[in-house]
Amino acid sequence: MRLFIAVNFDEQTKQKISQIADLLKSYGVNGNYTKECNYHITLLFLGQSTESQLLMAKKAVSEIKQNPFDITLQNISSFGKNIIYLGVNNIQPLNNINQFLYDRLKHDFLLDDDRFLPHITLIRKPDYIPASINTECGLPLFYKVKDISLMQSIRIDGKLVYKPVFSCRLSI
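Below you will find a few notes about this structure.

Each value, and the rule that gives it
Residues numbered from 1 in each chain as written. Predicted model: local features only at pLDDT ≥ 70, side-chain atom pairs only at ≥ 80, totals over all residues. Heavy atoms only, no water. Salt bridge = Lys/Arg side-chain N within 4 Å of Asp/Glu carboxyl O. Helix = DSSP H or I, 4+ residues; strand = E, 2+ residues; numbered from the N terminus. Buried < 20%, exposed > 50% of the residue type's maximum accessible area, 1.4 Å probe, protein only. Core = buried A, V, L, I, M, F, W, Y, C linked by side-chain atoms within 4.5 Å. Contact = heavy atoms within 4.5 Å. Axes fitted to C-alpha atoms, helices over the stretch in contact; angles between N-to-C directions. Left-handed = near helix turned anticlockwise from the far one by under 90°. Nonpolar A, V, L, I, M, F, W, Y, C, P; charged D, E, K, R; others polar. Pairing = 2+ DSSP bridges. Expected span 1.5 Å × (residues − 1).

1. A closer look at the pattern of salt bridges
Turning to step 1, where the next piece is worked out: Under the criterion given, the structure shown has five salt bridges.
Turning to step 2, where the next piece is worked out: For K144, the salt bridge identified is with D70, shortest N-O distance 3.3 Å. Of the two residues, K144 sits in strand β7 (residues 141-145) while D70 sits in strand β4 (residues 69-79), which places them 74 residues apart along the sequence.
Turning to step 3, where the next piece is worked out: For D70, a relative accessible area of 44% corresponds to the partly exposed category.
Turning to step 4, where the next piece is worked out: Where salt bridges share partners, they join K59, E63 and R104 into one cluster.

Rendered as structure tokens:
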């Protein structure tokens, strides 16, 4: 099973993010749009995992010591020409959780030691990157992070679906 650890959003926030993606569509941007049900912030990608690794990941998520915190979704940007994403502010708590999870799981998984940049992927492989739409897309959005989820990436009827396997409420 393919696993990752993430911040999930409530339905209302996913709908607001979807409205931003719809604005990109109205600008004529074609590409592989993330489905509304799949919006999230990846904290740590674990990859292909065994049942024993699943248990280790659940334990690590349950050991996170962090009070709920606010984030701001506030700008549309891109990773080169490959991904258009929604940026996140107040990333220090996310950085702390990422570092904790990395340190806790680096001996149990083959983890990339890439620089962590919290974001929400809107479009993969866009045909072009619009110059500027940030002023008209309803940003910023505010969200209180209360839970961290261990997610499984699966294909259902040929479509990619991210399914929560385990969630833990944030607290100290």
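Resuming the write-up.
2. Considering the nonpolar core
Turning to step 1, where the next piece is worked out: One finds L46, I71 and I148 to be the most contacted residues of the largest nonpolar core, which totals 48 residues.
Turning to step 2, where the next piece is worked out: Other than its neighbours up to four places away in sequence, I71 contacts F9, I41, V88, N89, N90, L94, L141, F142, Y143 and V145.

3. With respect to the packing of helix α2 (residues 51-62) against helix α3 (residues 92-105)
Turning to step 1, where the next piece is worked out: Orientation of α2 relative to α3, taken along the N-to-C sense of each, is 140°, at an axis distance of 10 Å. Seen from above, α2 lies across α3 with right-handed handedness. When α2 is examined against α3, the residues M56, A57, K59, A60 and V61 are found in contact with a partner set consisting of F100, L101, R104 and L105.
Turning to step 2, where the next piece is worked out: Along the lines of polarity and charge, the residues of the contact of α2 with α3 split into seven nonpolar, no polar and two charged.

4. With respect to the sheet that holds strand β9 (residues 159-169)
Think of a sheet as strands paired side by side through backbone hydrogen bonds, with each pair either parallel or antiparallel.
Turning to step 1, where the next piece is worked out: What the four strands build is an open sheet, ordered β3-β1-β8-β9; its pairing is antiparallel. The strands lining the two open edges of the sheet, one partner per strand, are β3 (40-48) and β9. Strand after strand, the sheet turns through a mean of 30° between neighbouring axes, direction not considered.
Turning to step 2, where the next piece is worked out: Looking at chain direction, strand β1 (residues 2-8) and strand β8 (residues 147-156) are connected through five bridges and run antiparallel.

5. Remarks on the sheet that holds β4
Turning to step 1, where the next piece is worked out: Strand order in this open sheet of five strands is β2-β6-β5-β4-β7, and the pairing throughout is antiparallel. With partners counted over all chains shown, the strands left at the sheet margins are β2 (32-33) and β7, one partner each.
Turning to step 2, where the next piece is worked out: Where β4 lies against β7, five bridges are found, and the strand directions are antiparallel. The partner of L73 across the bridge, within β7, is L141.
Turning to step 3, where the next piece is worked out: Packing of helix α1 (residues 11-26) onto the sheet brings it into contact with β2, β4, β5 (83-89), β6 (119-124) and β7, and relative to β6 it is tilted by some 40°.

6. Let's talk about α1
Turning to step 1, where the next piece is worked out: Over its 16 residues, α1 runs 22 Å from end to end, which matches the ideal 22 Å to within 8%, given 1.5 Å per residue.
Turning to step 2, where the next piece is worked out: Looking only at α1, the buried set comprises T13, K14, I17, S18, I20, A21, L23 and L24.
Turning to step 3, where the next piece is worked out: Taken together, the buried residues of α1 touch β2, β4, β5, β6 and β7.
Turning to step 4, where the next piece is worked out: Where α1 terminates, the next one or two residues include G28, which has phi positive at roughly 85°.

So yeah, pure geometry; function would need other evidence.
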